[in-house]
Amino acid sequence: MPGLLMSMQNRLPGAFARLLSAWGRCPGAVQGGGRRRVCSRGRVPVCRAPAPWVLARGFRSWATAAPLAMAAKVDLTTSTDWKEAKSFLKGLNNKQRREHYFTRDFIKLKQIPTWKEMAKSIRVRQPEETVFPKNNSLNEKISLFRGDITKLEVDAIVNAANSSLLGGGGVDGCIHRAAGPLLKEECRSLNGCEIGKAKISCGYRLPAKFVIHTVGPIAQGDPSPAQQTDLSNCYKNSLKLAAENKLRTVAFPCISTGVFGYPNDAAAEIVLNTLHQWLEENKEKVDRLIICVFLEKDDEIYKEKMPRFFPVDPCEGPPPPPPLSLLEMGPPTPTKAGARRTPHASGKGRGRSGGEAPPHHPRLRHSGIKPCKSNLAAHRAFAGPTYLLPKVTHCNAEGQNLATQGL
């Protein structure tokens, strides 16, 4: 009996293991009351009887040992129990969850600029007439991002689903494939979804922790007022679920603009109007709302319309000129009167001995071409800075290719 108890001690953690250890060392039965007793085989003292709280702690440790051991073995690629997998992921931090992502090139939130930052970088032209007044605090709460929504590491992504919630084409199919079969198993338990409503599930192998499923309206041609309301409700109900579950970063795809046929321009107007109104009342509940587009057409539409709904500070000065080609830049400034820098066979220009360092070419500042630093120190006293210009191939009058390596 003591040997059996000692072997069980190695398998059970906590106070229960210590209890079995005490029993295993005793040559006789443990007596109650905490008093020392003498074994019938001689005058050998035995251990004190454990207090009731020790027994309670031991049984609690034993009861929790099995679930913890089971959770550590969950494989999201082969598991068929979505409840077990969901419970397992809930106990992981962000760093631990990354080991289970379907991709390694996921996109962190800090890699996505806010609309305020983006508008400044692309020098957005601010129209005079706007739908809402300028609010910089709201401009820091919303982003426009073009890319794969399944790679965003956010609290939740929204799925443009069909009414069955069991997967389909477009973004719906991409999300289900990336999350794995467990997402479909959980969606079976949600019993579908009505148009304009939203339901939430775990993200499983997605970088996003949760997936909010919503069903947009089907519109062929100009949408009716009811269809406009349904599309707006898709965003409102998704945001309501996000706020109820304390999800602070949410990414939206273009809902209903794919096979459902909703016009892209009309959808963008509703989306921006709905998000702005919701942020005005609930901006403290979220850190970022991301409009994630995939097509270039949608990206251009939102860049054109966002300044009307989320006005920004007007750009100062004209936009920078486009880069000039090498042939348009012309010859460089001479070092002295009548002196020119001659091209070297290696492609690195060398000035004449005793010449002064030539100033930067006036057009190089906007061309994106930087001076070569390889021989700068060696030639500074000799002929000034050395430039390595990109190779440009063109043809002469006879049709022969000529390569210009430097000026």
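These figures come from a predicted structure and were not determined experimentally.

A short note on the layout of surface pockets
Estimated volume of the largest pocket: approximately 680 Å³. Gly170, Val171, Asp172, Cys254 and Gly258 are, among the 28 residues lining the largest pocket, the residues nearest its centre. Elements represented by at least two residues in the lining of the largest pocket include exactly strand E2 (156-161), helix H8 (170-179) and strand E6 (288-293). For the lining of the largest pocket, the leading source of residues is H8, giving five residues. Size it by volume and the second largest pocket reaches roughly 310 Å³. If you go around the second largest pocket, the residues you meet are Lys86, Ser87, Leu89, Lys90, Leu92, Arg97, Asp155, Cys202, Lys209, Phe210 and Leu247. Take the lining of the second largest pocket: its biggest share by element is four residues, from helix H4 (residues 82-90).

Remarks on the packing of aromatic side chains
Taken as a whole and assessed by the stated rule, the structure comprises three aromatic pairs. Between Phe132 and Phe309, the ring centres sit 6.3 Å apart and the planes meet at 50°, which makes this aromatic pair tilted. Of this pair, Phe132 sits in the loop between helix H6 (115-121) and helix H7 (136-139) while Phe309 sits in helix H12 (residues 296-309), and the two are 177 residues apart along the sequence. A relative accessible area of 11% places Phe132 in the buried class. Look at Tyr235 and Phe252: their rings are 5.0 Å apart centre to centre, the planes differ by 35°, and that puts the pair in the tilted class.

Let's talk about the side chain of His176
Within the element layout of this structure, His176 appears in helix H8. A polar side-chain atom of His176 sits 3.5 Å from the main-chain amide nitrogen of Gly167. For His176, the residues in contact, after removing those within four places along its chain, are Asn159, Leu165, Leu166, Gly167, Leu183, Lys184 and Cys187.

Considering the confidence of the model for the chain
Considering every residue of the chain, the mean pLDDT works out to 76; 59% of them sit at 70 or more. Of the regions scoring below 50 in pLDDT, residues 61-71 engages in eight contacts with residues more than four places distant in sequence or in other chains. Segment residues 342-407 is flagged for pLDDT under 50; beyond a separation of four residues in sequence, or across chains, it makes 111 contacts in the model.

Structural notes on the state of the cysteines
What is meant by a disulfide is a covalent connection between two cysteines, made through their sulfur atoms. Summed over the entire model, instances satisfying the criterion amount to zero disulfides. The thiol of Cys292 is unpaired, and the distance to the nearest cysteine sulfur, on Cys254, comes to 8.1 Å. Taking the relative accessible area as the measure of exposure, Cys292 reaches 5% and is therefore buried.

Considering helix H11 (residues 264-282)
With 19 residues, H11 should reach 27 Å at 1.5 Å per residue; the first-to-last C-alpha distance of 26 Å fits that figure. The set of residues buried in H11 consists of Asn264, Ala267, Ala268, Ile270, Val271, Leu272, Thr274, Leu275, His276, Trp278, Leu279 and Asn282. Structurally, H11 contributes buried residues whose contacts are with H7, strand E1 (142-146), helix H10 (225-244), strand E5 (249-252), E6 and H12.

Here we look at the packing of H8 against helix H9 (residues 181-188)
Direction vectors running N to C along H8 and H9 enclose 115°, while the axes themselves pass 5 Å from each other. When the axes of H8 and H9 are compared, the pair comes out roughly perpendicular. On the side of H8, the interface is formed by Ile175, His176 and Ala179, while H9 contributes Leu183, Lys184 and Cys187. Within the contact of H8 with H9, the residues separate by chemical class into four nonpolar, one polar and one charged.

Re the nonpolar core
Grouped together as the largest cluster of nonpolar side chains are 44 residues, with contacts concentrated most on Trp115, Leu275, Leu289, Ile291, Tyr302 and Phe310. Once residues lying within four places of it in the same chain are set aside, the contact partners of Tyr302 are Leu144, Cys254, Ala267, Ala268, Val271, Leu272, Ile291, Val293 and Pro307. The next biggest cluster of nonpolar side chains, apart from the first, holds 33 residues, and it includes Leu152, Ala178, Cys202 and Tyr204.

Comments concerning the pairing of E6
Here E6 lies mainly inside the structure; six of its six residues are buried. With burial as the criterion, each face of E6 is covered, one bearing Arg288, Ile290 and Cys292 and the other bearing Leu289, Ile291 and Val293. Both E1 and E6 contribute to a ladder of five bridges, which runs parallel. Bridge pairing in E6 places Ser143 opposite Ile290. Read from E5 through H11 to E6, the crossover connection turns out right-handed.

Considerations on the sheet that holds E2
Sheets are built from strands paired through backbone hydrogen bonds, the pairs being either parallel or antiparallel. Spatial strand order, E1-E6-E5-E2-E4-E3: six strands in an open sheet with mixed pairing. Edge strands, defined here as strands with exactly one partner in the open sheet, are E1 and strand E3 (198-202). Neighbour to neighbour, the strand axes of the sheet diverge by 25° on average, direction disregarded. Bridge count for E3 against strand E4 (residues 210-215) is five bridges, and the pairing is antiparallel. In the strand pairing of E4, Ile200 is matched with Ile212.

About the criteria used
Each chain has its residues counted from 1, running along the sequence as written. Per-residue local features are limited, in this predicted model, to residues with pLDDT of at least 70; the limit for side-chain atom pairs, both in listing and counting, is 80 or more; totals at the level of whole chains, interfaces and linings are taken over all residues. Excluding hydrogens and water, the side-chain figures rest on all heavy atoms present in the structure. Residues are called lining when one of their atoms sits within 4 Å of a cavity or pocket point, these points coming from a 1 Å grid over the protein atoms alone, where a cavity is a set in which a 1.4 Å probe fits but cannot get out and a pocket is an open set with protein on both sides within 12 Å along at least five of seven lines. Grid points are joined across faces, edges and corners, and a volume is the space filled by probe spheres set on the points. A helix here means a DSSP run of H or I that spans at least four residues, while a strand means a run of E at least two residues long, and both kinds are numbered starting from the N terminus. Aromatic rings from Phe, Tyr and Trp, taking only the six-membered ring of Trp, are treated as a pair when their centres fall within 6.5 Å; an angle between ring planes under 30 degrees marks them as stacked, one over 60 as edge-to-face, and anything in between as tilted. Think of it in three bands: residues with accessible area under 20% of the maximum for their type are buried, residues over 50% are exposed, and the middle band is partly exposed, with areas taken using a 1.4 Å probe on protein chains only. Whenever a nitrogen or oxygen atom comes within 3.5 Å of another N or O atom, the pair is scored as a polar contact, on the condition that within protein one atom can donate a hydrogen and the other can accept it, and that pairs from neighbouring residues in sequence are kept only if both atoms are in side chains. Any pair of residues with heavy atoms lying within 4.5 Å of one another is described as a contacting pair. Note: pLDDT gives the predictor's confidence per residue, expressed from 0 to 100. Cysteine sulfur atoms are paired as a disulfide whenever they come within 2.5 Å of each other. The span one expects for a helix is its residue count, reduced by one, times 1.5 Å. To define axes, lines are fitted to C-alpha atoms, for helices over the stretch in contact only, and angles between the resulting N-to-C directions are given on a 0 to 180 degree scale. Here roughly perpendicular refers to angles of 65 to 115 degrees, roughly parallel to angles under 35, roughly antiparallel to angles over 145, and oblique to all remaining angles. Any residue outside Ala, Val, Leu, Ile, Met, Phe, Trp, Tyr, Cys, Pro, Asp, Glu, Lys and Arg is labelled polar, Gly included; the first ten of those are nonpolar and the last four are charged. Among buried residues, those of type Ala, Val, Leu, Ile, Met, Phe, Trp, Tyr and Cys that are joined through side-chain atoms within 4.5 Å constitute a nonpolar core. Strand pairing follows a simple DSSP-based rule, namely that at least 2 bridges must link the two strands. Orient the strands so they point away from the viewer, and a crossover whose first-strand-to-second-strand path over the helix runs clockwise is right-handed.

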